[in-house]
Amino acid sequence: MKELKVGVIGCGAIGKAHVQRLSNEVAGAKVTAVSDYVQDTAREVAEEYDAQFFASAKDLIACDEVDAILIASSDPSHAEYTLECIRNRKPVLCEKPLALTASDCEKILHEEMMAERHLVQVGFMRRYDSGYVEMKKAIENGRLGTPLMINCAHRNFYQPENFKTDMAITNVAIHELDISRWLLSDEYEDAQVLKVRQNTKTNSDHLNPQLCILQTKAGARVIIEVQTTNAYAYDIQCQVVGELGVINLPDPSRAYMRTEAHTETPLMTDWSERFIDAYTVELQEWVKGVHKNCVEGPSAWDGYAACVTADALITSRKTGKPEKVLTIEKPEFYK
Ligand SMILES: NC(=O)C1=CN([C@@H]2O[C@H](COP(=O)(O)OP(=O)(O)OC[C@H]3O[C@@H](n4cnc5c(N)ncnc54)[C@H](O)[C@@H]3O)[C@@H](O)[C@H]2O)C=CC1
Ligand SMILES: O=C1[C@H](O)[C@H](O)[C@@H](O)[C@H](O)[C@H]1O
């Protein structure tokens with residue numbers, strides 16, 4: 001297989017990890033170009049992986065030595081870079097979220113449809129996690145019966161200092177918004193944020209925790225507890241409740257110790273380990289899809305649907321009421 005020449009924008013925590021994965025774990029790809037707002041960060045990665053350094057992300061996107069782009073820069077930059085990739089007719093895997101506003105997502109939908117090619121994939125990598133894949137199979141083969149509810153918890157051990165209340169939804173719970181739609185093959189009807197007693201240990205001035213309650217068009221309920229920081233560990237829980245039973249996302253397998261009349265199981269403290277295999281599968285499937293000119297991962301529509309739902313949740317937090325999740329009519333292109 002000819003090697004896909006990938007340009008990576010954003011060489012921070014996950015950007016560096018993705019460069020490492022693309023270089024050493026994913027077949028059929030190599031990183032030929034990197035860029036970052038902080039130039040020295042990108043220069044170091046360029047040197048380590050023998051890739052070309054670009055001061056400008058737009059120059060990286062346009063470069064002939066770049067076939068496809070992975071966007072791993074900060075959330076506010078995703079929409080503009082994704083649009084630039086589409087204008088250059090280059091496949092792009094954009095880390096979640098696709099954009100911070102529904103209108104930016106709609107611009108991306110429009111540009112991609114004008115290009116008449118599925119160029120955009122969004123980094124909702126939990127769809128590639130073996131535990132979630134097993135849960136979806138149990139729903140689809142009917143063993144659970146009709147799914148009635150999903151109970152989720154997204155608990156973080158820490159967040160960067162600049163973390164804001166809205167990011168609990170647009171950056172953190174966005175994973176649960178996507179994975180619940182995907183598990184249920186359903187769309188959201190309405191969304192509400194309920195106030196919760198606050199964690200006094202929260203290390204910055206944002207609301208923590210928040211509780212989201214959504215209803216799907218089929219009437220299922222999705223409940224998402226979001227602890228953005230100062231939880232006991234980095235812990236992701238998900239249970240689907242069906243007519244015939246329940247299925248739980250398995251905890252990562254870790255050795256457990258028995259000592260001094262206790263058992264002890266280590267927990268994780270951040271995202272980088274929790275879904276480590278899913279990131280590799282996600283990138284491998286993306287590279288294969290680009291090679292076949294058939295990218296089938298989470299689409300720009302999935303990014304848009306999550307973003308519109310996030311908007312409804314943020315509005316609900318301010319109004320105190322459930323808010324309708326109102327998307328445009330789903331274009332044929334995304335069906
Ligand atoms: N799928 C997942 O599980 C995860 C996804 N992410 C997403 O990946 C992205 C990066 O997150 P982290 O690596 O944790 O952040 P980070 O802050 O460690 O890295 C972001 C990098 O992007 C650079 N950057 C920021 N704005 C830029 C711009 N306009 N142009 C070029 N470079 C720019 C920064 O200088 C920094 O080096 C975020 O969008 C985040 O939502 C992050 C962690 C996990
Ligand atoms: O996507 C992610 C990770 O999955 C973490 O759960 C969050 O804490 C992080 O902020 C976000 O970028």
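Definitions and limits used
Residues numbered from 1 in each chain as written. Chains lettered and ligands numbered in written order. Predicted model: local features only at pLDDT ≥ 70, side-chain atom pairs only at ≥ 80, totals over all residues. Heavy atoms only, no water. UniProt positions renumbered as here; feature names shortened; annotations may be inferred. Domains from an automatic or database assignment. Contact = heavy atoms within 4.5 Å. Buried area = accessible area lost by both parts, 1.4 Å probe. Salt bridge = Lys/Arg side-chain N within 4 Å of Asp/Glu carboxyl O. Polar contact = N/O pair within 3.5 Å; in protein donor to acceptor, adjacent residues only side chain to side chain. Helix = DSSP H or I, 4+ residues; strand = E, 2+ residues; numbered from the N terminus. Near = heavy atom within 4 Å. Areas by Shrake-Rupley, 256 points an atom, 1.4 Å probe, with all protein chains shown as cover. 1 Å grid on protein atoms, 1.4 Å probe; cavity = no way out; pocket = protein on both sides within 12 Å on 5 of 7 lines; lining within 4 Å. Sits in = over half its atoms within 2 Å of the grid points. Nonpolar A, V, L, I, M, F, W, Y, C, P; charged D, E, K, R; others polar. Points joined across faces, edges and corners; volume = space filled by probe spheres on them. Buried < 20%, exposed > 50% of the residue type's maximum accessible area, 1.4 Å probe, protein only.

Labelled according to an unreviewed UniProt entry, the protein chain appears under the name Inositol 2-dehydrogenase/D-chiro-inositol 3-dehydrogenase, originating from Aequitasia blattaphilus. Its UniProt record, at the heading Pathway (unreviewed entry), says of the protein chain: "Polyol metabolism; myo-inositol degradation into acetyl-CoA; acetyl-CoA from myo-inositol: step 1/7." Database annotation for the protein chain, UniProt heading Subunit (unreviewed entry): "Homotetramer."

J.: Just checking my understanding: could you explain the domain arrangement of the protein chain for this structure?
T.: Accessible area lost during the coming together of the parts is what is often quoted as the interface size. Each assigned domain of the protein chain is listed here: domain 1 (4-126 + 277-298) and domain 2 (127-270 + 307-334). Relative to domain 2, the C-alpha centre of domain 1 lies at a distance of 25 Å. Contacts between the two partners involve 25 residues from domain 1 and, on the opposite side, 21 residues from domain 2. In total, domain 1 and domain 2 occlude about 2000 Å² of area from one another, counting both sides; carbon and sulfur atoms represent 65% of this. On the domain 1 side of the interface with domain 2, the three residues burying the most area are Met 113, Phe 124 and Arg 126, jointly 40% of the side's total. Counting across the interface, domain 1 meets domain 2 through one salt bridge. Ionic pairing is found between Arg 126 and Glu 176, a salt bridge with its closest N-O pair at 2.7 Å. One can count 13 residue pairs in polar contact (both at pLDDT 80 or more) joining domain 1 with domain 2. Secondary structure elements with two or more residues in the side of domain 1 that touches domain 2: α5 (102-115) and α9 (276-291). In terms of residues, the side of domain 1 that touches domain 2 owes the most to one element, α5, which gives six residues.

J.: Can you walk me through the site of ligand 2 in this structure?
T.: Lys 96, His 154, Asn 156, Gln 159, Asn 171, Val 172, His 175, Tyr 234 and Trp 271 make up every residue found near ligand 2. For ligand 2, an oxygen atom lies 2.5 Å from a polar atom in the side chain of His 154. In the environment of ligand 2, an oxygen atom lies 2.5 Å from a nitrogen or oxygen atom belonging to the side chain of Asn 156. In isolation ligand 2 has 300 Å² of accessible area, and contact with the protein removes 85% of it. Structurally, ligand 2 is housed in the largest pocket. A total of three residues in the shell around ligand 2 trace back to one element, the largest contributor, which is helix α7 (residues 167-184). Class assignment of the residues belonging to the shell around ligand 2 gives a composition of three nonpolar, five polar and one charged.

J.: Is there a simple way to think about the layout of surface pockets in this case?
T.: The method is simple in principle: a probe with the dimensions of a water molecule rolls over the atoms, and the space it marks as empty is what remains. In this structure, the largest pocket encloses a volume near 1300 Å³. Around the largest pocket, the lining comprises 45 residues; the ones closest to its centre are Ala 72, Ser 73, Ser 74, Asp 75 and Asn 171. Those elements that provide at least two residues to the lining of the largest pocket are α1 (13-24), α4 (78-87) and α7. Here the element with the most residues in the lining of the largest pocket is α7; it accounts for five residues. Split into classes, the residues belonging to the lining of the largest pocket amount to 22 nonpolar, 17 polar and six charged. Looking at which domains feed residues into the lining of the largest pocket, each of domain 1 (4-126 + 277-298) and domain 2 (127-270 + 307-334) gives three or more. Counted as a void, the second largest pocket has a volume near 330 Å³. Together, 19 residues line the second largest pocket, and Arg 127, Ser 299, Asp 302, Lys 330 and Tyr 334 are the ones closest to its centre. Counting residues per element, the ones that place at least two in the lining of the second largest pocket are α7 and α10 (300-319). Mapping the lining of the second largest pocket onto the domain boundaries places at least three of its residues in each of domain 1 (4-126 + 277-298) and domain 2 (127-270 + 307-334).

J.: Even after reading the chapter, I still don't get the pattern of salt bridges, so can you show me in this structure?
T.: Where side chains of opposite charge bring their charged atoms close, a pairing between them can arise. Overall, the coordinates contain 19 salt bridges when judged by the stated rule. A salt bridge links Arg 181 to Glu 187; the nearest nitrogen and oxygen atoms lie 2.9 Å apart. Given a relative accessible area of 7%, Arg 181 falls into the buried group. You can call Glu 187 partly exposed: its relative accessible area is 26%. Shared partners join several salt bridges into a network, and the residues in it are Arg 127, Asp 178, Arg 181, Glu 187 and Asp 302.

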